[in-house]
Amino acid sequence: MELAVGASESAMSSLLGKLGSLLAQEYTLISGVRSEIQYMNDELASMHAFLRKLARAAAAGAAHDEQTKDWTEQVRDVAYDIEDCVDDFAHRLGHQPRGEGLLINLRRAWYTMATLWSRRDIAAKIIDLKKRAQDVGERRSRYGVQDPKHDSKGKSSGTPRPYTADHQPAAPQLVGTTKLVGQDKDIVDHGQWLTEPRPECDERILAIVGFGGLGKTTMAQELLRRFGEKFEYRASVQVSRKLNLPSLLRSILNQVTPQKEPERKNDGGGGPSESRVNGTEGWSVQQLKLKLKTQLEQKRYLLLIDDVWSVSSWRDIWESLPRNKKGSSIVVTTRFKSVANACCYKQDRIHMLKPLRGEESKILFFERIHDPEPTKFKEIKEEIIKKCAGLPLAILTVAGLLARRDLNESSHWKTVEESLNSELEKNLSPEGVTHILNLCYNDLPADQKNCLLYLSIFPKGCSIHRKRLTKRWIAEGFIIEKDGKTVEEVADDTFNDLISRNIVRPVEHSSNGKVKACQVHDMILEYIVSKSSEENFITVVGGHLLTPTPSNKVRRLSLHSSNPEDAKEKMESMNLSHVRSLTVFENFHHLPSYSFKSGILQVLELEGCKSLNTNQLDKICKMFHLKYLSLRKVYIKKLPSEIGKLQYLETLDIRETNVTYLPSSIGRLQKMVHLLGGNKSTRRALRFTEEIANMTALQTLSGIEISTSSTRDLGSMHNLTKLKKLSIYNLRDLDANSHKYDLLSAIEYLSGFSLKSLAIDDGFTGFLNSMDDLSTPPKYILSLDLSGKLLHVPKWIKELETLENLTLSLTSLQTEGLLLLSRLPLLFSLTFSVIAKGHDRSIVKILEKNTMDSGGKIFVPPGGFVRLKLLRFSAPVMPLLSFLEGAMPELQRLELQFRILEGAYGLENPGNLQQVNLTVSQQASEATKVKVSDIRSSVGMHQNKPTVVVDEYYE
């Protein structure tokens, strides 16, 4: 029987650290309690050692019986309960007065009397828990839970032991697509069929059918990528097992509704803009249908309906889509032929996806494993590939397993080959996939197992942002400092490791080329949800997959919106008093109010929940152990003054809320590392105050406003010497030179410490032009964003030899400026951008002057820009751009956003160009639209045949 002990090990490691810390403190305990704590510490340390033995045996393929599994669950549960008690101990007893003297002695006596009842109550709990720990320890021998046995012959019957060689991170990239293997001919054929002109014809439907892991979604997404430009609107949605039709229709609407305003993106991604449609959360299905009809009835659209599970679900979706006889097309993926038949009852197409052939499997395998000598150990390698049975998911996960090893050692190849059975080779089955996933899971170290299982919190198809995930890992205690690296660096390494193992796949890249967001394959998600449920690690309610209601206490709860009826029913029967982590996706009203009474909650994420009220906010401020709190996109205007009681809080995310001022109590949060506020697109920001400056542990301060009234606090900004990222969204009334120099002084000072990322939007106050007065430029900065009224490139910018990402106002765009920037050796992305909102007339005048000064043309020079992969231009009016031969040789992605465009020539010259995004105002003239067609033609002449995506925005 498979035994998952990763979460048990993690719970034990965390607890032993807390017990050791508790024993080291000088609490006035009831007589005998210290010895009870010492006993629990020693007993649990022995259990922890035994659990680690079990983990090593499981990694070597050893089978464990029901008694061993049951004992492991008991160890985990008692460890969780002891940790709850220890946390309650720390909160209720607080800090004992220390020092000497009469006054301290009086305070200590008062403390002893005031905490007498609490200490007695906790002492009773500790004695009870000690007895439970003792019973669990004795139960191991009483019921014959044996030490794991090792194969005396030294043979491994299961997955190989984890290989811990240093792993080099993948090279930065922006376009994360990999050439598909074995599907190119079919994609071209189906793409031409979907896009061929057919006036006054009904929608065409292509149904792609196949076993999970064969690559249905990958093929469908490639169709959208290659042929989406032929359609006016495109959308891609995933279907849950139990269809949530309102959510699905809202998702389509969000993607086919143009942006309300041009936005400066700094994420390197190509996904749909968020929050294009607001206020539809409470709409009925009928209202959503009517809105969708209005949006699409005169447009040619292409939809991907991914992973349809039943004929009834398809019928509900089909009846909700508008008919317009404009030549629209729909691509459906499903595991079931019956669903495909229902989709294609007319003259539509069904594509039965088959496993890869032998040669195709080899190409995919060696493409991902980067084997320096493919012909070495040829027979073993061919046997490994054969056992993957042409299933791309199996090939990729096995390649990821081997990629962590020394490929020159035959023993590594042989061990993996022996670990694979022939079940998949005989018949594609979920059991065969599970066997391979078990191998990959058991190969992970215990802390990475926890990080992988943690992904089961997120819904099917969810794009999981790296920073959001790594901050949560840290708050949960899964990540610790090691090898001289900070917890943030170790968390990033863990994320990159899961990517390199092909366990999760990148779906979006940041402008620095790193993976910004990932996604979990459906079958892998099913595996980790099952494993998490089995070990009571994560409890998912209302999700795509139906999981049993836990019979014991819930520790980490994730509430999805895919199946709200199931959520409501299950929540009634759950014990939520021990929840340490709570994540709610959208449907906040399904959460019982009593769940907020938890005093041991450490992670709370309510992103996007619309119904949070003042009473509930007050209850949140009583969750004294919170380390991570996300209220992003929640409809709130202010935070309670009691927020200062959350003294363990490390991350506070209030982005895209209406909060512009923090209560003075925020200054008490001395453990705060990441304070995220404001709204970049609207420039709504948090007022910078002295209280914020007093949070000296801050590493990220994002979305603040500096005004005349707050400049007196700028001197205290010097306290933030640990700050790595500073984002100023607004400068208000900053006219006096003395005020400007206060801010310049703070920037100079912080740049001499840890600052690596600086963003300033001066709101067209002209502050950016005073940055030439910096006596010490931020020489070691990695990311710089200067947006607003910037009339020229700062003189010192040529000194930024470590700079990777640069955003400048388009008002400073001239050929000579590009020549200067072309010499920056590590520049990876370059953005020229102006947000017109509120400054449209003045911006147009400045841009017209810029055009006159540049002679009406901007030449992108040859040579230089040796590492540049991403180039963006965004403004209402853009001058003519001309890429000279040899310009930007490594450029992968070009993004242009405009209302008026003079033209773009020479797009066939950047030799590595792969993607061109054009975002055009709906107010664009016919002349501009003709120029868009000219750009498409120019791109078509490129040797790489880059993808062209055209989108619209409202002004």
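Two elements in contact, helix α6 (residues 184-195) and helix α7 (residues 216-227), have axes separated by 10 Å at closest approach and are oriented at 55 degrees. As judged from the angle between their axes, α6 and α7 are oblique. Viewed along their axes, α6 and α7 form a crossing whose handedness is right-handed. Counted together, D184, D186, I187, V188, H190, G191, Q192, L194 and T195 of α6 and M219, E222, L223, R226 and F227 of α7 form the full contact between these two elements.

Pairing within the open sheet is antiparallel, and its 3 strands lie in the order β6-β8-β7. Each edge of the open sheet is held by one strand with a lone partner, namely β6 (464-465) and β7 (505-509). Bridging between β7 and strand β8 (residues 515-519) involves 4 bridges; their strand directions are antiparallel. Opposite E508, over in β8, you have A517 as the bridge partner. Sheet strands touched by helix α20 (residues 487-500): β7 and β8. Its angle to β8, the strand with the most contacts, is close to 55 degrees.

On average, residues of the protein chain score 81 in pLDDT, and 80% of them are at 70 or above. Confidence drops under pLDDT 50 across residues 150-168; counting only partners more than four residues distant or on other chains, this segment forms 39 contacts. Within the model, the stretch residues 262-276 combines pLDDT values under 50 with 55 contacts to residues more than four positions away or in other chains.

This part takes up a nonpolar patch on the surface. Taken together, the side chains of L102, L103 and L106 make up a nonpolar region of the molecular surface, amounting to roughly 340 Å² of accessible area. Relative to the helices and strands, L106 is located in helix α4 (residues 102-114). The class for L106 is exposed, based on a relative accessible area of 53%.

Bringing the packing of aromatic side chains into the picture now. Overall, the coordinates contain 10 aromatic pairs when judged by the stated rule. Judged by centre distance (5.4 Å) and plane angle (80 degrees), the ring pair of Y454 and F478 falls under edge-to-face. Of this pair, Y454 sits in the loop between α18 (446-453) and β6 while F478 sits in the loop between α19 (466-476) and α20, and the two are 24 residues apart along the sequence. With a relative accessible area of 4%, F478 lands in the buried category.

A separate point is the packing of helix α17 (residues 430-442) against helix α21 (residues 522-534). Interaxial distance between α17 and α21 falls to 11 Å at its minimum, and their mutual angle equals 70 degrees. Between α17 and α21, the interaxial angle falls into the category roughly perpendicular. Once α17 is placed against α21, the crossing between them reads as right-handed. Residues V433, T434, L437, N438 and Y441 of α17 pack against M523, I524, Y527 and K531 of α21. Looking at the contact of α17 with α21 residue by residue, the class counts come to 6 nonpolar, 2 polar and 1 charged.

This paragraph deals with the pattern of salt bridges. With the rule as written, the count across this model stands at 33 salt bridges. Salt-bridge contacts for K387 lead to E417; the nearest nitrogen and oxygen are separated by 3.0 Å. Here K387 is found in helix α13 (residues 378-387), whereas its partner E417 is found in helix α15 (residues 410-419), with 30 residues between them in sequence. Exposure remark for E417: the relative accessible area of 10% places this residue in the buried category.

Before going further, it helps to spend a moment on the sheet that holds strand β3 (residues 301-308). The strand order across the open sheet formed by 5 strands is β2-β3-β4-β1-β5, and the pairing between neighbours is parallel. Both outer strands of the open sheet, β2 (233-238) and β5 (349-352), are each paired with one neighbouring strand and no more. Here the strands of the sheet are splayed against their neighbours by 15 degrees on average, with no regard to which way each runs. Both β2 and β3 contribute to a ladder of 6 bridges, which runs parallel. Each residue of the ladder has a partner; that of Y233, found in β3, is Y301. Along the sheet, α6 makes contact with β1 (204-209), β4 (329-334) and β5, crossing β1 at roughly 155 degrees.

Scoring rules and cut-offs
- Residues numbered from 1 in each chain as written.
- Predicted model: local features only at pLDDT ≥ 70, side-chain atom pairs only at ≥ 80, totals over all residues.
- Heavy atoms only, no water.
- Axes fitted to C-alpha atoms, helices over the stretch in contact; angles between N-to-C directions.
- Helix = DSSP H or I, 4+ residues; strand = E, 2+ residues; numbered from the N terminus.
- Parallel < 35°, antiparallel > 145°, perpendicular 65-115°, else oblique.
- Left-handed = near helix turned anticlockwise from the far one by under 90°.
- Contact = heavy atoms within 4.5 Å.
- Pairing = 2+ DSSP bridges.
- pLDDT = per-residue confidence, 0-100.
- Patch = residues over 30% accessible without salt bridge, like charges linked within 9 Å, V, L, I, M, F, W, Y side chains within 5 Å.
- Areas by Shrake-Rupley, 256 points an atom, 1.4 Å probe, with all protein chains shown as cover.
- Salt bridge = Lys/Arg side-chain N within 4 Å of Asp/Glu carboxyl O.
- Buried < 20%, exposed > 50% of the residue type's maximum accessible area, 1.4 Å probe, protein only.
- Phe/Tyr/Trp six-rings, centres within 6.5 Å; stacked < 30°, edge-to-face > 60°.
- Nonpolar A, V, L, I, M, F, W, Y, C, P; charged D, E, K, R; others polar.

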